[in-house]
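Residues per chain are reported as follows:
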Amino acid sequence: MEQTQPKIGKFSLNYGLILGAVSVVFGLMLFSMDAHTTQDTSNTVIGIALAVGVIIWALINFRKANGGLLSLGQAIKMGIGICLVSGVIYIVYLILLANVLDPDFITKIAENTKAAAEEAGVMTSAQIEQQYEGTINYFWISYPVILIASVIQGLIIGLIGGLIFKKS
């Protein structure tokens, strides 16, 4: 009897929902600690570690469901798909955060950026003010940037995971 091959799309959706939910929970944890506006490196590292963990988990389970086989192309597609689904979920969370949970979120981000620029002392006060206004007026541009960065992150993690777990 023939064994049906598992669907990459189904795995991507399921594990993308898991990664998106975990990312939102992490974001809500930062919000509850009032640390959601800080540009801390540890938050980025934790986010990447979560993505790596979920994608590797998905690749291992896909390989088990596929009779022990996993190609590099399948791993890359799965990494991209998982991060795409997760990125969309996280953007919806950010929109909710910026408009409902913390209406001053964008202003806080702009003020943190302004304070960092003033502390660095590299820019003039006019440039700093222009950057501040640009952050407030054009924050919406960060949403597609987040989605593109998420897809690139999924590509890289899927590629590395595929090279590690590939079995023909």
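Residues numbered from 1 in each chain as written. Predicted model: local features only at pLDDT ≥ 70, side-chain atom pairs only at ≥ 80, totals over all residues. Heavy atoms only, no water.

Caption draft 1: Local environment of the overall build of the protein chain. The number of helices and strands found in the protein chain is 6 helices and 0 strands. Traced from its N-terminal end to its C-terminal end, the protein chain shows the element sequence α-α-α-α-α-α. Seen through its principal axes, the protein chain has C-alpha atoms that stretch 70 × 30 × 25 Å. Sorting the 168 residues of the protein chain into buried and exposed places 35% on the buried side. Excluding contacts between residues fewer than 6 apart, the proportion of contacts in the protein chain whose partners are at least 24 apart in sequence is 80%. With an accessible surface of roughly 9800 Å², the protein chain has 67% of that area assigned to carbon and sulfur atoms. Computed over 9 positive and 10 negative side-chain charges, the separation of the two mean positions in the protein chain equals 29 Å. (Helix = DSSP H or I, 4+ residues; strand = E, 2+ residues; numbered from the N terminus. Buried < 20%, exposed > 50% of the residue type's maximum accessible area, 1.4 Å probe, protein only. Contact = heavy atoms within 4.5 Å. Areas by Shrake-Rupley, 256 points an atom, 1.4 Å probe, with all protein chains shown as cover. Lys, Arg positive; Asp, Glu negative; His and termini not counted. Charge placed at Lys NZ, Arg CZ, Asp CG, Glu CD.)

Caption draft 2: Local environment of the nonpolar core. Ranked by internal contacts, the top residues of the largest apolar core, which has 17 residues, are Met78 and Ile82. Every element with two or more residues in this core is listed here: α1 (8–32), α2 (41–65), α3 (72–101) and α6 (142–165). If you tally residues by element for this core, the top one is α2, at 6 residues. Every residue in contact with isoleucine 82, bar those within four places of it in the chain, is listed here: Phe11, Ser12, Tyr15, Gly16, Leu19, Val54, Ile55 and Ala58. Grouped together as the second largest cluster of nonpolar side chains are 11 residues, Leu94, Ala98, Phe105 and Tyr143 included. (Core = buried A, V, L, I, M, F, W, Y, C linked by side-chain atoms within 4.5 Å.)

Caption draft 3: A look at the packing of aromatic side chains. Tallied over the full model, the rule gives 6 aromatic pairs. Aromatic ring contacts, followed pair by pair, group Phe11, Tyr15, Trp57 and Phe62 into a single cluster. (Phe/Tyr/Trp six-rings, centres within 6.5 Å; stacked < 30°, edge-to-face > 60°.)

Caption draft 4: How the structure looks around the packing of α1 against α3. Across the interface, α1 lies against α3 with an axial gap of 7 Å and an inter-helix angle of 35°. Remark: the crossing between α1 and α3 carries right-handed chirality. For the contact of α1 with α3, a count of residues per class yields 18 nonpolar, 8 polar and 1 charged. (Axes fitted to C-alpha atoms, helices over the stretch in contact; angles between N-to-C directions. Left-handed = near helix turned anticlockwise from the far one by under 90°. Nonpolar A, V, L, I, M, F, W, Y, C, P; charged D, E, K, R; others polar.)

Caption draft 5: Region of the structure containing a nonpolar patch on the surface. A contiguous nonpolar patch, built from Ile148, Ile152, Leu155, Ile156, Leu159, Ile160, Leu163 and Ile164 and spanning about 730 Å² of accessible area, is present on the exposed surface. Here leucine 155 is to be found in helix α6. Looking at leucine 155, the relative accessible area reads 36%, which means it is partly exposed. (Patch = residues over 30% accessible without salt bridge, like charges linked within 9 Å, V, L, I, M, F, W, Y side chains within 5 Å. Salt bridge = Lys/Arg side-chain N within 4 Å of Asp/Glu carboxyl O.)

Caption draft 6: Quick peek at the pattern of salt bridges. All chains considered together, the criterion is met by 2 salt bridges. Notably, a salt bridge pairs aspartate 102 with lysine 108, separated by 3.1 Å at the nearest N-O pair. In this structure, glutamate 129 and lysine 114 form a salt bridge, with 3.3 Å as the shortest nitrogen-oxygen distance. You can see glutamate 129 sitting in helix α5 (residues 125–137) and its partner lysine 114 sitting in helix α4 (residues 105–120), a full 15 residues away along the chain.

Caption draft 7: Here's a closer look at unusual backbone geometry. Positioned with a positive phi, aspartate 34 is a non-glycine residue whose angle comes to about 55°. Structurally, aspartate 34 is set in the loop between α1 and α2.

Caption draft 8: Representation of α4 within the structure. When the terminal C-alpha atoms of α4 are compared, their 23 Å separation across 16 residues agrees well with the 22 Å that a helix rising 1.5 Å per residue should span. Taken together, the buried positions of α4 are Phe105, Ile106, Ile109, Ala110 and Ala117. On an axial view of α4, the arc spanned by its buried residues comes to 135°, and they lie on one face. Summarising the contacts, the buried residues of α4 are in contact with α3 and α5. Phi turns positive one or two residues past the end of α4, at glycine 121, with a value near 70°. (Expected span 1.5 Å × (residues − 1). Arc of directions from axis to C-beta.)

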